[in-house]
Structure formats: C-alpha cells, structure tokens
Amino acid sequence: DTLASVEFAVEQDSDVASMSLGLPIESPGDSVLELLMGQQAQTALAAGTVVIGTTSNEGAGDAGGPVRTPGAEFSVLSVGASNEARDIADLSSGAVIDRFSVDYNTSAGGAAEYPEFYPRQYVKPDVSAPGIGVLSSGPLGGDIGDPAATSSFGGGTSMAAPHVAGAVALLTSATDGATPAPPVRTALAHAAENLGPPLPPAYRRAHPHSTRTTQRP
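A short tour of the structure in this document, coming up. (Residues numbered from 1 in each chain as written. Predicted model: local features only at pLDDT ≥ 70, side-chain atom pairs only at ≥ 80, totals over all residues. Heavy atoms only, no water.)

Note on aromatic pairs: each is described by the distance of the centres and the angle between the planes. Going through the model one piece at a time under the given rule, you end up with five aromatic pairs. With a centroid separation of 6.0 Å and 90° between ring planes, the pair formed by tyrosine 114 and tyrosine 118 is classed as edge-to-face. The interplanar angle of 85° and the centroid separation of 5.1 Å between the aromatic rings of phenylalanine 117 and tyrosine 118 together place this pair among those described as edge-to-face. Tyrosine 118 sits in the buried class, given a relative accessible area of 7%. Within the aromatic cluster, the residues linked to one another by ring pairs are Phe74, Tyr114, Phe117, Tyr118 and Tyr122. Note that arginine 185 overlies the ring of phenylalanine 74, its terminal NZ or CZ placed 6.0 Å from the centroid. (Phe/Tyr/Trp six-rings, centres within 6.5 Å; stacked < 30°, edge-to-face > 60°. Buried < 20%, exposed > 50% of the residue type's maximum accessible area, 1.4 Å probe, protein only. Lys NZ or Arg CZ within 6 Å of the ring centre and 35° of its normal.)

This paragraph deals with the side chain of threonine 55. Take threonine 55: it is sitting in the loop between strand 3 (50–54) and strand 4 (77–82). A polar contact is formed between the side chain of threonine 55 and the backbone oxygen of serine 93, at a distance of 3.1 Å. (Helix = DSSP H or I, 4+ residues; strand = E, 2+ residues; numbered from the N terminus. Polar contact = N/O pair within 3.5 Å; in protein donor to acceptor, adjacent residues only side chain to side chain.)

Right, let's talk about the environment of aspartate 90 for a bit. Positionally, aspartate 90 belongs in the loop between strand 4 and strand 5 (95–98). A relative accessible area of 57% places aspartate 90 in the exposed class. For the pair aspartate 90 and glycine 65, spaced 25 residues apart in the sequence, the C-alpha separation amounts to 9.7 Å.

Residues Val50, Ile52, Leu77, Val164 and Val168 are the most contacted members of the largest nonpolar core, which totals 20 residues. Every element with two or more residues in this core is listed here: strand 3, strand 4, strand 8 (127–130), helix 3 (157–174) and helix 4 (181–191). For this core, the element with the most residues is helix 3, which contributes six residues. Setting aside residues no more than four positions away along its own chain, isoleucine 52 makes contact with Val16, Ala17, Ser18, Met19, Val76, Leu77, Val79, Ala161, Val164, Ala165 and Val168. Core analysis: the next-biggest nonpolar cluster, separate from the first, contains nine residues, Leu33, Ala72, Ala95 and Val102 among them. (Core = buried A, V, L, I, M, F, W, Y, C linked by side-chain atoms within 4.5 Å. Contact = heavy atoms within 4.5 Å.)

Inspection of every chain in the model, using the stated rule, returns three salt bridges. Lysine 124 is the salt-bridge partner of aspartate 126, the closest N and O atoms lying 2.8 Å from each other. Lysine 124 shares its class with aspartate 126; the two are buried. We note a salt bridge from aspartate 126 to arginine 185, for which the minimum N-O separation is 3.7 Å. With aspartate 126 in the loop between strand 7 (121–124) and strand 8 and arginine 185 in helix 4, this residue pair connects regions lying 59 residues apart in the sequence. Just as aspartate 126 is buried, arginine 185 falls in that class too. (Salt bridge = Lys/Arg side-chain N within 4 Å of Asp/Glu carboxyl O.)

In structure tokens, the structure reads:
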C-alpha cells in the first residue's frame, strides 16, 4: 500500500522515501492525481521526509506525456529520465498539471477533486536524472555478457529516481539533518541545470522547472 509506505517512512524519521510506480491512466493524454496521496506527501514533507515519485514512461519526446500519481502530486519531488546525451529521454513523461487535464484515482477512498492546496497550474517533473542504460541489481533485461550476473542494465524513470533520492540524502547529511525537508526539496530543484531551449511562456508561468531539466553529473 503506497499510502502506508509513506506513513511508515515518516514514522521511521526517514529523510527520503522514493517510489518508482504509477497508477493507471484512465483517459489517454490525462495525468492522474490521488487526493489522499497528495495529502500524505504534504504531511510527510512537513514532518521532514522528502517523498520522491517517478513521472512514468508515457512520454513522447519533447511533447512530454501524462504523469501518474505519485509523481504528479505537487508536494512530491517528481523525477523524469535523462539520457547519455544529457537530454530528456523520449520515454520520460512530463506535463502541465491543472484541474482540466487530470483524472482522479479514488481506489483508496479519496475524492475525485483537484486538491485545494495545489497551485492553479504547475509542471512535472521537478528534476530529471540519468535513466537510460543504468546498471542496477536484478535481471532487468539488459544483458551485460555474464549469465551469472546479479545485475543488468535498465531504463526508465524508475532508474532515475534513486539518483535523486541519493542527492536528497547527501544534501540532508551535509547539514547533519538540520535543514528541514521543504528547503532540501526546493534547493535540489533550483540547482538543476536547464539543458533545453527557453521555456514557452505557459511553462514559465506554471512553474520554474521544465521537463527538460536534468542534474549535473
């Protein structure tokens, strides 16, 4: 249960909780929000836990694509995937979120309504990180030439999220945990390097970060 996992992370006084998952998209092209997840992420952030979520792999190059909860939630540090060329991976989702472009997941009991504590409009992801050709544990499908290997190469926003989780942990440890979670989240997003062209006006109005933002290596 995703809500319970975030609650558990807060109870354990975790600095960061990372989720590489996304709830199904009901209407093609629409992003997905879940009211209870939005509330849980906001509560966690206030309690000192940065919640990280992936945007999902529904992207279509520079056009972006629908973002699924938890990565679509405003209080979640949302992560997209970049590639070896330091560009945004074609599969990486990214979208402008507002009440007119989302579906609602109510399976956990939350209401099908745009959260009143969300901005009128915002952009996800907040940052992107290496997510293509990433060496990771487990048989992910990318052959490394050793049949006995316990690691392989994988790709997607799920490969990108751990990089950002590690960055959050490093930022927090640099101040011995004295910096509250919200400034850590904001600092990481603002320190990202915009590698793409100037943002369209609609994106600049919505949020200072674009789907073409990536961390410095």
